[in-house]
Amino acid sequence: MKLDWKAIPRPIIALSPMADMTDSSFCRTVRSVSTSSNSPIVFREMVSAEAVVRHNNKTLAMTDIHEDERPIVQQLFGSDPDTMAQAARIIEKEHHPEGFDVNMGCPVYKIVHNFNGAALMREPELATQIIKKMKAAITVPLSIKIRTGWDDPRECFSFAKVIEEAGADMITIHGRTKAQGYSGQSDWNLIGELKRTLSIPVLANGDIHTAPLTRTALDQTKTDGVLIARGALGNPWIFSQITDVLRGQAPQQITLEERIRVVKQHLTFHLEQYGAPGIKTFRKHLSWYFRGVPGARPFKERLHTADAVETVYQILDEILLDGLLHDALSDRDAVNPVATERVFMAK
Ligand SMILES: Cc1cc2nc3c(=O)[nH]c(=O)nc-3n(C[C@H](O)[C@H](O)[C@H](O)COP(=O)(O)O)c2cc1C
């Protein structure tokens, strides 16, 4: 598929890049629960351009793409225009992602202290050079992800113009400043205001955690689409739920059976990607999958200490059985309280 930000149907719904989260196995999981009509554009987690150019094996492995994941946008971070261009060229030649994105919004010290991430918002000349050199090096679209500013939320108006004039094909804006980190709220009004000043497509980001909120954010910002990050963790179904809501239907409810099936599927993909050590790195996903799921709490500690795949599977089956039994009890309770009591005693 050729990615053309101007031509793809509106609204554009995309999975936002998340370090350690939107890896190949998670993106495959998102695809596996989506259909062709509700599958999002997927942004893979950021990788260091310097590490790619140094041919760091671990970093290069992070840019590998399973065919089921496409279309994929690979995000890069870095601040040297030549290195950024060279890294993009290496990845395009090797894996052919459908697009590239540059991280100009990450607020964490490890990233910004080297002029990477959100620090580039204070270096418009450098940002321009990065965009121009990358555009000259690749054949696919280049998008940029920014925040509203370093500490002043109106900085994005001049900076986004710089990005547009440098030749970027699309821009995503997270409606918080770097100084805010994750505090406060993403400013959807300001995103809408910024959208009206630009001619390239704009995606809104920040605090769009559910399908109904997606509808509200699209109405409020009038952007070309949205980028969903935390709302997809533990809920890869969010993209089909968004389609339901945009069609005026109630969002699909996820049954416990479906949840357990997909957790197992995701674990399989994760182990394919990372091998045996993946059993430990998968725990962060387990926390998200069972967050707020009624009845899952007593199993969580066991899930987080299990270090054999078979044990994780067994606990997942127990959660399912417990959930089914609980449902059966609630049903009986509704019609026959005496029968319920008997089942409880038998248990
Ligand atoms: C665990 C985690 C990792 C993230 N990693 C990246 C990243 O690699 N690149 C990036 O541009 N943003 C990254 N972000 C920011 C998100 O893409 C997004 O902009 C932010 O979480 C706000 O969107 P949300 O409210 O939908 O979560 C990360 C966020 C989280 C929670």
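Because the structure is a prediction, the values reported are computed rather than measured.

### Some points on the overall build of the protein
Part 1 of the argument: Along the backbone of the protein there are 16 helices and eight strands.
Part 2 of the argument: In terms of C-alpha radius of gyration, the protein reaches 22 Å, essentially the compact-globule figure of 20 Å for 347 residues.
Part 3 of the argument: The 347 residues of the protein split such that 42% are buried.
Part 4 of the argument: Sequence separation of 24 or more characterises 71% of the internal contacts of the protein that already satisfy a separation of 6 or more.

### Some words on helix 10 (residues 238-246)
Part 1 of the argument: The complete set of buried residues in helix 10 reads I238, F239, S240, Q241, I242 and T243.
Part 2 of the argument: Residues of helix 10 that are buried make contact with strand 1 (12-15), helix 1 (24-32), helix 9 (211-221) and strand 8 (225-228).
Part 3 of the argument: Downstream of helix 10 by a residue or two, G248 has a phi angle that is positive, lying close to 85 degrees.

### A look at the nonpolar core
Part 1 of the argument: The biggest cluster of nonpolar side chains holds 71 residues, and the ones touching the most others in it are L76, I146, I163, I171 and V226.
Part 2 of the argument: Aside from chain neighbours lying at most four places away, what touches I146 is M104, G105, M121, C156, F159, A160, I171 and I173.
Part 3 of the argument: Among the nonpolar cores identified, the runner-up in size contains eleven residues, and V263, F282, L286 and L316 belong to it.

### Structural notes on the site of the ligand
Part 1 of the argument: Neighbouring the ligand are 21 residues; S16, M18, M46, A229 and R230 lie closest to it.
Part 2 of the argument: Across the shell around the ligand, the residue classes break down as nine nonpolar, eight polar and four charged.

### A look at the packing of helix 6 (residues 124-137) against helix 7 (residues 155-166)
Any two packed helices are characterised by how steeply their axes cross, that is the angle between the axes, and by the distance between the axes.
Part 1 of the argument: Packing of helix 6 against helix 7 leaves a shortest axis separation of 9 Å and a crossing angle of 30 degrees. Taken together, the axes of helix 6 and helix 7 are roughly parallel relative to one another. Between helix 6 and helix 7 the crossing geometry is right-handed. Residue-level contacts link P124, A127, T128, I131 and K132 of helix 6 to F159, V162, I163 and A166 of helix 7.

### Here we look at the domain arrangement of the protein
Part 1 of the argument: Annotation of the protein at the domain level lists domain 1 (12-246) and domain 2 (256-346).
Part 2 of the argument: A separation of 33 Å is found between the C-alpha centroids of domain 1 and domain 2.
Part 3 of the argument: Listed by partner, the interface residues are eleven residues for domain 1 and ten residues for domain 2.
Part 4 of the argument: The class makeup of the residues in the side of domain 1 that touches domain 2 is four nonpolar, five polar and two charged.

### Observations concerning the environment of V33
Part 1 of the argument: You can see V33 is positioned in the loop between helix 1 and strand 2 (41-48).
Part 2 of the argument: The spacing of V33 and P236 is 203 residues in sequence and 7.0 Å in space, taken between C-alpha atoms.
Part 3 of the argument: If sequence neighbours within four positions are ignored, V33 has contacts with P236, W237, S240 and V262.

### Things to note about unusual backbone geometry
Part 1 of the argument: With an omega of -10 degrees, the peptide bond between R10 and P11 qualifies as cis.
Part 2 of the argument: Take P11: it is sitting in the segment before strand 1.
Part 3 of the argument: With an omega of 0 degrees, the peptide bond running from R70 to P71 counts as cis.
Part 4 of the argument: Examined against the element boundaries, P71 turns out to sit in the loop between helix 3 (57-62) and strand 3 (72-77).
Part 5 of the argument: With a phi angle near 60 degrees, H55 is a residue other than glycine that sits in the positive phi range.
Part 6 of the argument: Although it is not a glycine, F115 adopts a positive phi angle of roughly 70 degrees.

Rules used in this analysis
Going along each chain's sequence as written, the residues are numbered from 1 onward. In view of the model being predicted, local features appear only for residues whose pLDDT reaches at least 70, and side-chain atom pairs are presented and counted only at 80 or more, with totals across whole chains, interfaces and linings using the full set of residues. By the criteria applied, helices consist of DSSP H or I runs no shorter than four residues and strands consist of E runs no shorter than two, each listed in order from the N terminus. When we talk radius of gyration, it's over C-alpha atoms, and the globule rule is simply 2.2 Å times the number of residues to the 0.38. Buried residues are those with 20 or more other C-beta atoms within 10 Å of their own C-beta, exposed residues have 12 or fewer, and partly exposed residues lie in between; C-beta atoms are placed from the backbone. We call two residues in contact when the distance between their C-beta atoms, placed using the backbone, is within 7 Å. Defined on buried residues, the nonpolar core groups Ala, Val, Leu, Ile, Met, Phe, Trp, Tyr and Cys residues joined through C-beta atoms within 7 Å. Defining nearness, a residue is near a molecule or strand when the C-beta atom obtained from its backbone falls within 6 Å of it. Residues are sorted three ways: Asp, Glu, Lys and Arg are charged, Ala, Val, Leu, Ile, Met, Phe, Trp, Tyr, Cys and Pro are nonpolar, and all the rest, Gly among them, are polar. Axis geometry follows a simple rule: fit a line to the C-alpha atoms, using only the stretch in contact for helices, then measure angles between N-to-C directions, giving values from 0 to 180 degrees. Roughly parallel means an angle under 35 degrees; roughly antiparallel, over 145; roughly perpendicular, 65 to 115; everything else is oblique. It is the rotation of the near helix from the far one that decides the hand of a crossing: anticlockwise by less than a right angle makes it left-handed, clockwise makes it right-handed. Boundaries of every domain are those given by an automatic assignment or by a domain database.

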